[in-house]
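# Notes for the structure review
Here's the letter readout for the chains.
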Amino acid sequence: YEMADSIYQFFWGDFCDWYIELSKSRIYGKSDVNSKELAEQVLVQTLLAGICLLNPFMPFITEEIHSVFSEEPLIKAKWISKFKIQSESGVKKIDLLREIVSEIRRVRSELNVSLDKKCKIILKSSDELVQKIISEEKDSILQLARAESLQMFDNHKLSKSDSLIPFSKGEIILPLSGMMDFEKEKQRLKKEEDSLKNELEKIEKKLTNSEFLEKAKAEIIDKEKEK
């Protein structure tokens, strides 16, 4: 598992994090035996493909890792072929799953919600794919988003402490009562507001400065206007 994670990181970066995270609950026995075995097979096959690509650059360590799985030297192994994606719906499902979890993580980070606090998640969506993800990947979402519950409601009434997060197929609601210090958050937002006002003031001074407008290139002026 750790070897697969390292090889994944080398080749696929951010994408690997998601597959590794999604496979954790399956590998460590939180799903049925068939699901666990399938996840292990995918990890092993990806690991072997990765070390095959690395072999010309790191022959000794890749041969050592490969020896765990086969007596045949890696240098004699057949070069890997391109993998064809069989299911477009599967790709859409993973992309949507990543979007939901990423948005929850982003808001938790922005609001400084401690990692040891498990939140509740409420989804508002009539999309069939979202409903399918909830039924099939609920445990994975709870683990990845550090949540304790996940429910779908069409008529949830927002309270003042709820955070509303739009995504491509609906809305995510995070009830934050008891999850964060609202006074600290008000102070943080006030500092951010003051900082933005100062920045805006500087830009406005530039754009009303005739000397700057005469000497600066057009693209620089446009950038300041865009800011």
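An account of the accompanying structure is given in this report. (Residues numbered from 1 in each chain as written. Predicted model: local features only at pLDDT ≥ 70, side-chain atom pairs only at ≥ 80, totals over all residues. Heavy atoms only, no water.)

### Concerning the pattern of salt bridges
By the definition in use, this model includes 15 salt bridges. Two residues, E183 and K186, come together in a salt bridge whose shortest N-O distance is 3.6 Å. Of this pair, E183 and K186 both sit in helix α7 (residues 182–207), three residues apart, which is roughly one turn of that helix. Judged by its relative accessible area of 47%, E183 is partly exposed. Because the salt bridges share partners, they merge into one network encompassing K93, E136 and E137. (Salt bridge = Lys/Arg side-chain N within 4 Å of Asp/Glu carboxyl O. Helix = DSSP H or I, 4+ residues; strand = E, 2+ residues; numbered from the N terminus. Buried < 20%, exposed > 50% of the residue type's maximum accessible area, 1.4 Å probe, protein only.)

### Considerations on the pairing of strand β4 (residues 170–175)
In this structure, strand β1 (residues 119–124) lies alongside β4, joined through three bridges in antiparallel fashion. By the bridge assignment for β4, L123 is matched with I172. Summarising the sheet, strand β3 (residues 162–167) and β4 pair through six bridges and their orientation is antiparallel. Each residue of the ladder has a partner; that of S163, found in β4, is L174. Counted between consecutive antiparallel strands, the loop separating β3 from β4 contains two residues. (Pairing = 2+ DSSP bridges.)

### A short note on the layout of surface pockets
Roughly 410 Å³ of internal volume is contained in the second largest pocket. Contributing to the lining of the second largest pocket are 17 residues, with L142, Q143, L144, A145 and R146 lying nearest its centre. Taken together, the elements giving at least two residues each to the lining of the second largest pocket come down to α2 (14–27), α5 (88–110) and α6 (128–144). Broken down by element, the residue count for the lining of the second largest pocket peaks at four residues, all from α6. Here the lining of the second largest pocket is built from residues that sort into six nonpolar, three polar and eight charged. (1 Å grid on protein atoms, 1.4 Å probe; cavity = no way out; pocket = protein on both sides within 12 Å on 5 of 7 lines; lining within 4 Å. Points joined across faces, edges and corners; volume = space filled by probe spheres on them. Nonpolar A, V, L, I, M, F, W, Y, C, P; charged D, E, K, R; others polar.)

### Regarding the sheet that holds β1
As summarised here, the arrangement of the four strands in space is β2-β1-β4-β3, forming an open sheet in which the pairing is mixed. Edge positions in the sheet fall to β2 (147–152) and β3, since each of these pairs with one other strand and no more. Neighbouring strand axes in the sheet, compared pairwise and without regard to direction, differ in orientation by 20 degrees on average. Each of β1, β3 and β4 is contacted by α5, which is oriented at about 145 degrees to β3, the strand it contacts most. Running at roughly 175 degrees to β2, α6 makes contact with β1, β2 and β3 of the sheet. (Axes fitted to C-alpha atoms, helices over the stretch in contact; angles between N-to-C directions. Contact = heavy atoms within 4.5 Å.)

Limitation: the analysis is restricted to geometry and does not speak to function.
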